[in-house]
Amino acid sequence: MKNIAILGSTGSIGTQTLAIAREQKDIRVWALAAGKNIKLLESQIREFEPKLAAVWEEEDAKQLRLAVSDLPVKVVSGMDGLIEAAVIPESEMLVTAIVGMLGLRPTVAAIQAKKQIALANKETLVTAGHLIMPLAEQYGVSILPVDSEHSAIFQALNGEGANRIHKILLTASGGPFRGKTRAQLADVTLEDALKHPNWSMGKKITIDSATMINKGLEVMEAKWLFGTELDRIQVVVQPQSVIHSMVEYEDGSILAQLGTPDMRLPIQYALYYPQRRPLSGKRLDFFALGSLTFEKPDMETFDGLRLAYEAARRGGNMPTILNAANERAVAKFLEKKINFLEITQIINECMLHCSYTEHPDLDAVLDTEQAVYEWIESRW
């Protein structure tokens, strides 16, 4: 029996994790944490019978307590509630599928409680990789990637021991606007940006894919996950989303992980690693596929990717500045308060004007996030 807790259970990764638990029948879910979707969370509680459920707002917690008053589940709220869910004694693994830097403190607490981490929260390593990776090593905790690209790299590294990496080839679909010019992007709508050609994801990550900021965050995440220099991580646009990423070794050999664009595969791989389990769903048909194509990323049109490389090279709290600016800018775009190109404009302005700290601790990382939010609100 696999004992887990899930932060972000009502989101895309969380619901697919529960779908795997439903299918495999040997996963016990001890804690669930979610945001505002109380109705879905109630349904999950009734099906999976966790010991603990956490939401952010206390008002939502009151509503949930009433809804599940007939069940033996404890309902908690706020950051203390998220941390309680993350460290619940019965679980051995925390699936961190919560969106944003909200996942930082619960992930730190889970590592200190010696929980294995199935990581779907990019912000954890983007903003605090310099703190998280040494902490995981100190406590003997494995961080297993859930993102399809990082799972692919992890799989391509598996069994290679001390063989040296020459390059990580991080693939990208190119998003819904691949091939467009900046002039064409000036008038795209929110609805256009949410139409990803290959993947079914949450709204925030779908917009990040459209700007290619998502790929920049993945570059930063890969740097920390795999201990690789930034210049050894190359983004390759692979529009069919069949090659999920590749690793080139120093002898020139390239190992790639391929499959249909189905997030359940990397989720399940992380849950059961190193075991592979049967997984229902469509299989890759090479004859139907016909061909695979590759392109260089356009970092001038999609300048978010360029900005992410710049932030990663600068280090310190600059990745946090980029990440926080992107979170707030995407939120404004989803509310139709800014246009598409203003997302990276806001990020660039924040990177130029927000205070830089060379060696931020966890408090400084979180303070930077708040300072960026305040700077944006004072100007947009």
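Look up a bit, the structure's there.
Residues numbered from 1 in each chain as written. Predicted model: local features only at pLDDT ≥ 70, side-chain atom pairs only at ≥ 80, totals over all residues. Heavy atoms only, no water.

Caption draft 1: Fine view of the packing of helix 5 (residues 104-112) against helix 6 (residues 122-139). Contact geometry of helix 5 with helix 6 gives a least axis separation of 10 Å together with a crossing angle of 10°. When the axis of helix 5 is compared with that of helix 6, the two are roughly parallel. In this structure, helix 5 uses Leu-104, Thr-107, Val-108, Ile-111 and Gln-112 to contact helix 6, whose residues at the interface are Thr-124, Thr-127, Ala-128, Ile-132, Leu-135, Ala-136 and Tyr-139. (Axes fitted to C-alpha atoms, helices over the stretch in contact; angles between N-to-C directions. Helix = DSSP H or I, 4+ residues; strand = E, 2+ residues; numbered from the N terminus. Parallel < 35°, antiparallel > 145°, perpendicular 65-115°, else oblique. Contact = heavy atoms within 4.5 Å.)

Caption draft 2: Spotlight on the pattern of salt bridges. The full count for this structure, using the stated rule, is 29 salt bridges. Note that Glu-295 is salt-bridged to Arg-178, the shortest N-O span being 2.5 Å. On the criterion of sequence distance, the pair formed by Glu-295 in the loop between helix 13 (286-289) and helix 14 (303-314) and Arg-178 in the loop between strand 8 (165-172) and helix 8 (182-185) is long-range, its members being 117 residues apart. The exposure class of Arg-178 is partly exposed, given its relative accessible area of 40%. Of the charged contacts, one joins Glu-218 and Lys-215 as a salt bridge, the two residues approaching to 2.6 Å between their closest N and O atoms. Pair noted here: Glu-218 and Lys-215 are both in helix 11 (residues 213-225), with a separation of three residues, about one helical turn. For Lys-215, a relative accessible area of 6% gives the class buried. Overlapping salt bridges bring together Lys-122, Asp-147, Glu-149, Lys-215 and Glu-218 as one network. (Salt bridge = Lys/Arg side-chain N within 4 Å of Asp/Glu carboxyl O. Buried < 20%, exposed > 50% of the residue type's maximum accessible area, 1.4 Å probe, protein only.)

Caption draft 3: Inspection of the pairing of strand 8 at higher detail. Buried residues dominate strand 8, accounting for six of its eight residues. Judged from the four bridges that link them, strand 8 and strand 10 (residues 243-249) form a sheet pairing that is antiparallel. Counterpart to Ile-168 in the pairing with strand 10 is Val-247. Relative to strand 9 (residues 233-237), strand 8 is paired through five bridges, and the arrangement is parallel. Note that in strand 9 the partner of Ala-172 across the bridge is Val-237. (Pairing = 2+ DSSP bridges.)

Caption draft 4: How the structure looks around the nonpolar core. Within the largest apolar cluster, 121 residues are counted, with the highest numbers of intra-cluster contacts made by Leu-64, Leu-271, Leu-322, Phe-340, Ile-343 and Cys-350. Examining the composition of this core, we find that eight residues originate from one element, helix 15 (residues 318-334), more than from any other. Look past the residues within four positions of Leu-271 in its chain and what remains in contact with it is Lys-2, Ile-4, Thr-17, Ile-20, Ile-27, Met-93 and Val-95. (Core = buried A, V, L, I, M, F, W, Y, C linked by side-chain atoms within 4.5 Å.)

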